[in-house]
Amino acid sequence: MLNDDGSKLNNIKKMASLFLNNPIDLLNRVNVLQKQSGSEPLNIVVFGKYNHGKSSLLNALIKQDIFKAEDVRCTIKTQHFNDTEQGITWTDTPGIDADENDDQIAESAIKNADIVLFIHDVISGELDKKELDFMIDYAEGIGKGKLRVVLSKIDQIQVEELVTVEKIIQEQIKPFSNIPLYAISSTRYQKYIKTGSHSFLNKSGFKEFLPVIDQVIKDKEENRRNEINSIFDVLLKDLTQAKIKQKTCVAVCLEKLNQQKGAFELAKINLHNHLQ
Amino acid sequence: MPLPWIAVTIGVAAVSYILSDDDSDDERARERNRENRREAREAREVFEAEKKAQQVAEKLKHAKRLINTFFQAHYGAAPESIRYIDNCPELYHHLQSHIKNPPIKVEQATTKMQLEMDKLTSINQLISMVENLKNNG
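First things first, this report covers the structure right here in the doc. Values in this document were obtained by computation on a predicted structure and should not be read as measured data.

Rules used in this analysis
Residue positions within a chain follow its written sequence, with the count starting from 1. Written order decides the labels, with chains lettered from A and ligands numbered from 1. Owing to the predicted nature of the model, reporting of local features is limited to residues with pLDDT of at least 70; listing and counting of side-chain atom pairs is limited to 80 or more, with chain, interface and lining totals taken over all residues. Put simply, DSSP H or I for four residues or longer makes a helix, DSSP E for two residues or longer makes a strand, and each gets a number counted from the N terminus. With C-beta atoms placed from the backbone, a residue is buried if 20 or more other C-beta atoms are within 10 Å of its own, exposed if 12 or fewer are, and partly exposed between those counts. Two strands are counted as paired when DSSP detects at least two bridges linking them. Axis definition: a line fitted to C-alpha atoms, over the contacting stretch in the case of helices. Angles run 0 to 180 degrees between N-to-C directions. Contact between residues is assigned whenever the C-beta positions, reconstructed from backbone atoms, fall within 7 Å. Lys, Arg, Asp and Glu make up the charged group, whereas Ala, Val, Leu, Ile, Met, Phe, Trp, Tyr, Cys and Pro make up the nonpolar group; the residues left over, Gly among them, are polar. Whether a crossover is right-handed comes down to one check: with the strands pointing away from the viewer, does the path from the first strand over the helix to the second run clockwise; if it does, it is right-handed.

Topic: the overall build of chain B
Counting its secondary structure elements, chain B contains three helices and zero strands. The order of α-helices and β-strands along chain B, N terminus first, is α-α-α. The buried share among the 137 residues of chain B stands at 9%.

Structure (structure tokens):
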């Protein structure tokens, strides 16, 4: 069945390349997803602008200082950490909007993500154009259902300010289909890990956020099936658009053909009249 | 024979001779007239025939010119065989059989149309392939 699907996919790949801009990445992803067994680790990728706390969040989640987290642009290539116990591959990406090459590396890393944690620090206020453009492309395309927006560094602003920013961002992401939003502080969570003080845990937002990760692990298989369907939906949407465009093209050609036929018939009549 | 009778006889003979000579002159004149009229009719007939032949030739030449222009405009070039046709009915027959073929522009538009139709068919096939894969997955 899998081989059969594989050959069908290859046929679709060849044909779809003629009509769609870039169906190969999508179909390759379907190929990967279809081949993945249940034991394949979950790939969670953090993504966002540089210095918004991506590496800090990962270090907090894995409870180790594996990923380099500094106040400067320090992640310049994709880094992975395999958590065999949880069955998760944590992937850190270079920050977007710092360097074009970094953007490409980061965007390439999310192609094979099961879940993308989109990090945005609350100090920056609302999402900017670059971040929203990414949402339009990704959340409404191949990333449908995979995106979680994580507002980081909540320890660095007042609660009232956080509520305001959260409201604004909720409004900004409202047009995209059902993207959950979480507010966290990796610093507070790491302090909780070090001190065991529940006050830090309660204020870190991790109490609400960690169950999300647990749920994602639990729903891995279902999410992968949903992702395959989402990819097919994206392809069908693009193909439907291509069909509409092609129908217009056929109509234009038909009109031109009829014009040529009409002109020829007229020329024939004129010739006959002149010959008589 | 007394002399007066001889003179009378000679006179009668001379008059009848003169009279008979006048009759044959008239006959010759009539014959000449007939001959002239026939010649004139024949000349007129030849002239009419030549004029008609010239008109037919002009008509053929004109028709060939029109047909050549028509073929050049719609088929790129006129068929070589047209050059050797020497009468209009055959030329028209030739024209009728050739214009059954589609002209270049119609042929090109038909090919383009077919190509675009094929693309549309492929897109429809792709859509049903993706739908099948989605539904069976």
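Description of the pairing of strand E4 (residues 115-121) of chain A
All names here are of chain A. Of all seven residues in E4, seven are buried; the element is thus mostly enclosed. Across the two faces of E4 the burial is the same, with Ile115, Leu117, Ile119 and Asp121 and Val116, Phe118 and His120 all buried. Sheet analysis places strand E1 (residues 42-48) next to E4, joined by five bridges and oriented parallel. Directly across from Val45, in E4, lies its bridge partner Val116. Pairing of E4 with strand E5 (residues 147-152) involves six bridges; the strand directions are parallel. Bridging from a neighbouring strand, Val116 pairs with Leu147 of E5.

Observations concerning the sheet that holds strand E3 (residues 88-92) of chain A
All names here are of chain A. The sheet built from six strands is open, its strands ordered E2-E3-E1-E4-E5-E6 with mixed pairing. Looking at the sheet topology across the chains shown, the edges are occupied by strand E2 (79-83) and strand E6 (181-183). Pairwise comparison of adjacent strand axes, ignoring direction, gives a mean angle of 25° for this sheet. Looking at chain direction, E1 and E3 are connected through five bridges and run parallel. Following the sheet pairing, Val46 is matched in E3 by Asp92.

A look at the interface of chain A and chain B
Many structure descriptions define interface size as the accessible area lost when the parts assemble. Taken together, the contact pairs 31 residues of chain A with 28 residues of chain B. Here the residues of the side of chain A that touches chain B sort into 19 nonpolar, five polar and seven charged.

Remarks on the pairing of E5(A)
When a strand is regular, its side chains alternate between the sheet's two faces. Residues and elements named next belong to chain A. Taken across its six residues, E5 has five buried, putting it largely inside the fold. Chirality of the crossover, the property in question, places the unit of E4, helix H5 (residues 129-139) and E5 among those that are right-handed. Tracing the backbone out of E5, into helix H6 (residues 159-173) and back to the parallel element E6 gives a crossover that is right-handed.

The quantities given are spatial measurements derived from coordinates; they are silent on function.
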